[in-house]
Amino acid sequence: QAKEKGSNQYQIYNENMNQKLSEELMMERALYEALENQEFLLEYQPFIDMKTNKIVEAEALIRWSHPQKGIIPPGLFIPLAEKTGLIVSIGNWVLREACKQNKLWQTKEYKPIIMSVNISVLQFEREDFVNTVESILLETGLDPQYLALEITEGIAMKNVEENIDKLQSLKKIGVKISIDDFGTGFSSLNYFTRFPIDSLKIDRSFIQSIEHSQEARAIVSMIISMGRSLGIENIAEGIETEGQLNIIRKENCHKAQGYFFSKPTNPGAFQILLADDKEF
Ligand code: C2E
Ligand code: MG
Ligand code: MG
Ligand code: MG
């Protein structure tokens, strides 16, 4: 009887695995088609300058508008896109679309802002990455000083010399470099000082507990003062409450982003914020 039960369990496990596999295969095919069918879209979330309380930057965030499933957030398809390598084409689409949008807003004569774009490690590691960035800037006509590339700490941990070279080439083009989710990646501070970085985005997990945890506040305070003494700008991610905002103001943070100001929004809604030059 035990044996029978065992084999039943095996079968159930096997069916679940098969189901999971075929779901992933279907999703993979759908991802390929999504690019062709233009099912991806970008939302934009503002960063607020802590001195002027105005928008100075926007982060482009991808969504997949799936014909049956509706809007799918990036957390549910970026990992698969990375696994299949499709992230390179998707990432290039994001870069082009975000630069095009920023250029369009500038031609409408709103106050120029920086457009911040998330770059996957796989994209960054491509040999032609610097060329790709350069040609997208040329093609869209966006002035490089209005583009920031968000990379993660991971690139400070392998192929260090190669990555420093690459970042320096990007700096030569004139784009800005930000480290996303800073504080979660355990990168070596020693290597870190050798990277030409413009800003650190302090991870939301620290901001979330900053009102109640001495440790979180100490970490944020340390990151901000380290950034300041290295001439690197600080951005607080994920501000949701006034209390959190007050603390990061006291800590002298440069910029902040979070639902407290605005959720990521479609280009039309973002344009209204720009047109109002809204003070937050
Ligand atoms: P991220 O780059 O750290 O982006 C910030 C994420 O936090 C976004 O989620 C944003 O909607 C969310 N967020 C912003 N403020 C708040 C807040 O106050 N509270 C909370 N709870 N969340 C907040 P989203 O859009 O779901 O993106 C998740 C991640 O997916 C991004 O994290 C980024 O790593 C990745 N991603 C998004 N777009 C792209 C892309 O175009 N390319 C690549 N490679 N990755 C992307
Ligand atoms: Mg980001
Ligand atoms: Mg982030
Ligand atoms: Mg994050």
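Cut-offs and rules
Residues numbered from 1 in each chain as written. Chains lettered and ligands numbered in written order. Predicted model: local features only at pLDDT ≥ 70, side-chain atom pairs only at ≥ 80, totals over all residues. Heavy atoms only, no water. Near = heavy atom within 4 Å. Polar contact = N/O pair within 3.5 Å; in protein donor to acceptor, adjacent residues only side chain to side chain. Areas by Shrake-Rupley, 256 points an atom, 1.4 Å probe, with all protein chains shown as cover. Helix = DSSP H or I, 4+ residues; strand = E, 2+ residues; numbered from the N terminus. Nonpolar A, V, L, I, M, F, W, Y, C, P; charged D, E, K, R; others polar. Phe/Tyr/Trp six-rings, centres within 6.5 Å; stacked < 30°, edge-to-face > 60°. Buried < 20%, exposed > 50% of the residue type's maximum accessible area, 1.4 Å probe, protein only. Lys NZ or Arg CZ within 6 Å of the ring centre and 35° of its normal. Donors = N, O, S within 2.8 Å, 3.2 Å for Na, K, Ca; no water. Pairing = 2+ DSSP bridges. Salt bridge = Lys/Arg side-chain N within 4 Å of Asp/Glu carboxyl O.

A. Highlighting the site of ligand 1. The immediate surroundings of ligand 1 are formed by 22 residues, with R63, N118, D180, E240 and Y259 found nearest. A distance of 3.1 Å separates a nitrogen atom of ligand 1 from a polar atom in the side chain of R204. Interatomic distance of 2.5 Å between a side-chain N/O atom of E240 and a nitrogen atom of ligand 1. Here ligand 1, which alone exposes 800 Å², has 82% of that area covered by the protein. Counting only elements with at least two residues in the shell around ligand 1, the list comes to β2 (55-66), α3 (87-107) and β6 (176-182). At four residues, β2 tops the list of elements feeding residues into the shell around ligand 1. Its residues assigned to classes, the shell around ligand 1 shows nine nonpolar, five polar and eight charged.

B. Seen up close, the packing of aromatic side chains. As enumerated under the stated definition, the model contains 10 aromatic pairs in all. Centroid distance Y44 to F270: 6.2 Å. Interplanar angle 55 degrees. Geometry classified as tilted. Here Y44, found in strand β1 (residues 40-49), pairs with F270, found in helix α11 (residues 267-276); they are 226 residues apart in sequence, far enough to count as distant. Each member of the pair, Y44 together with F270, is buried. Each residue in the set F40, W64, F77 and W93 is aromatic and connected to the rest through ring pairs, giving one cluster. Here the basic side chain of K166 rests over the ring of F124, its NZ or CZ set 5.4 Å away from the ring centre. Just above the ring of Y259 sits the side chain of K263; from NZ or CZ to the centre is 4.7 Å.

C. Fine view of the coordination of the magnesium ion (ligand 2). Within the first shell, the magnesium ion (ligand 2) binds the protein through E59 (OE), N118 (OD1), E150 (OE) and D180 (OD), at distances of 2.0 to 2.2 Å. In terms of primary sequence, the donors binding the magnesium ion (ligand 2) are separated according to E-x58-N-x31-E-x29-D.

D. Seen up close, the pairing of strand β7 (residues 199-202). Of the two faces of β7, both are covered, the one formed by S199 and K201 as well as the one formed by L200 and I202. Bridge count between β6 and β7: three bridges; the pairing is parallel. Residue pairing across strands places F182 opposite I202, the latter belonging to β7. One ladder, built from four bridges, connects β7 with strand β8 (residues 233-236); its direction is parallel. In the sheet register, S199 faces β8, and the bridge partner there is E233.

E. Structural detail: the pattern of salt bridges. In total, this model carries 16 salt bridges according to the counting rule given. Here K54 ties to D277 by a salt bridge, and the two come within 3.1 Å at their closest N and O atoms. Taken together, the positions of K54 in the loop between β1 and β2 and D277 in the segment after α11 put the pair 223 residues apart, joining distant regions of the chain. K54 gets classed as partly exposed once you look at its relative accessible area, which sits at 23%. One salt bridge connects E125 with K158, and the closest N-O pair in it is separated by 3.4 Å. Here E125 is found in helix α4 (residues 121-125), whereas its partner K158 is found in the loop between β5 (147-152) and α6 (160-173), with 33 residues between them in sequence. Note on E125: relative accessible area 31%, which makes it partly exposed. One connected set of salt bridges, linked through shared partners, spans E59, E150, K201 and E237.

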